[in-house]
Amino acid sequence: MLEVQKLFSERDDRVLFSQLSFTLNAGEIVQIEGQNGSGKTTLLRILSGLSRNYEGAIYWRGEPVAEVREQYCRELLYFGHQAGVKAVLTPEENLRWYAALSPLMDAAGIMEALQQVGLRGFEDVPCHSLSAGQNRRVSLARLYLSRAPLWILDEPFTAIDKRGVAAKERLLLEHARRGGSVLLTTHHELGIQGPVRKINLDQLAGTSV
Ligand SMILES: Nc1ncnc2c1ncn2[C@@H]1O[C@H](COP(=O)(O)OP(=O)(O)OP(=O)(O)O)[C@@H](O)[C@H]1O
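Rules of the game
- Residues numbered from 1 in each chain as written.
- Predicted model: local features only at pLDDT ≥ 70, side-chain atom pairs only at ≥ 80, totals over all residues.
- Heavy atoms only, no water.
- Buried < 20%, exposed > 50% of the residue type's maximum accessible area, 1.4 Å probe, protein only.
- Helix = DSSP H or I, 4+ residues; strand = E, 2+ residues; numbered from the N terminus.
- Arc of directions from axis to C-beta.
- Contact = heavy atoms within 4.5 Å.
- Pairing = 2+ DSSP bridges.
- Axes fitted to C-alpha atoms, helices over the stretch in contact; angles between N-to-C directions.

A look at helix α3 (residues 91-101)
- All buried positions along α3 are accounted for by P91, E92, N94, L95, Y98 and A99. Angular distribution of buried residues about the axis of α3 spans 160 degrees; they occupy a single face of the element. Relative to its buried face, α3 has exposed residues pointing more than 90 degrees away, namely A100 and L101.
- Looking at the buried residues of α3, the elements they touch are α4 (110-116) and α5 (132-145).

Next up, the structure:
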């Protein structure tokens, strides 16, 4: 589904990765590993179309991403470092806003999604009154609503407690079993028993995998 060829990126004259090539297939979960500052977020931002700071080629369903950008963005769910939640809105309003932006979000499932992330009872509370972990949970609730085939998730488990992490890991596995693909970074050791492939930027920058 997603193919990366000979990707090169540098920051402040420091090469983060070069000649980085890999494929993310349907039904696969790929974890990008690497030490702090190795370029994981940079890579995910490039693949999400948020950064053009790269050389190399990115293909979506066999087509250069630049030529199918609209379709690619529609089929992509990106979860970044920031919770991406509007503080003045409630959890329910935030999810309705997301659903209005994406045709691949199931607005009818919002209350169930809030239940799944443990936020029933908080649906009407402005997000500025919620904790950091609860705000991350509002954003993570999008995973329960999304029918986007490609999930790119940057540190999705930050500030999430153990039970929450286990539930999200199950969700990633279900997504892969339905034929979806997941590309994620996490410093947390994944407990997923399934199709997880790892790419270590420390070891593999400059090579093909
Ligand atoms: N806004 C920025 N301006 C300039 N350089 C930056 C910026 N953000 C990151 N960098 C540089 O790019 C490099 C890669 O950063 P990146 O955030 O991709 O690393 P990471 O592997 O995700 O790190 P972490 O595990 O700490 O989240 C870092 O060494 C940093 O010096």
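Digging into the sheet that holds strand β3 (residues 29-33)
- The strand order across the open sheet formed by five strands is β6-β7-β8-β3-β9, and the pairing between neighbours is parallel. Of all strands in the sheet, those with a lone pairing partner are β6 (76-79) and β9 (196-200), marking the two edges. Here the strands of the sheet are splayed against their neighbours by 15 degrees on average, with no regard to which way each runs.
- Here β3 pairs with strand β8 (residues 181-185) via four bridges, running parallel. For Q31, the partnering residue across the bridge sits in β8 and is L184.
- The strands touched by α5 are β6 and β7 (150-154); relative to β6, the strand with the most contacts, the crossing angle is about 165 degrees.

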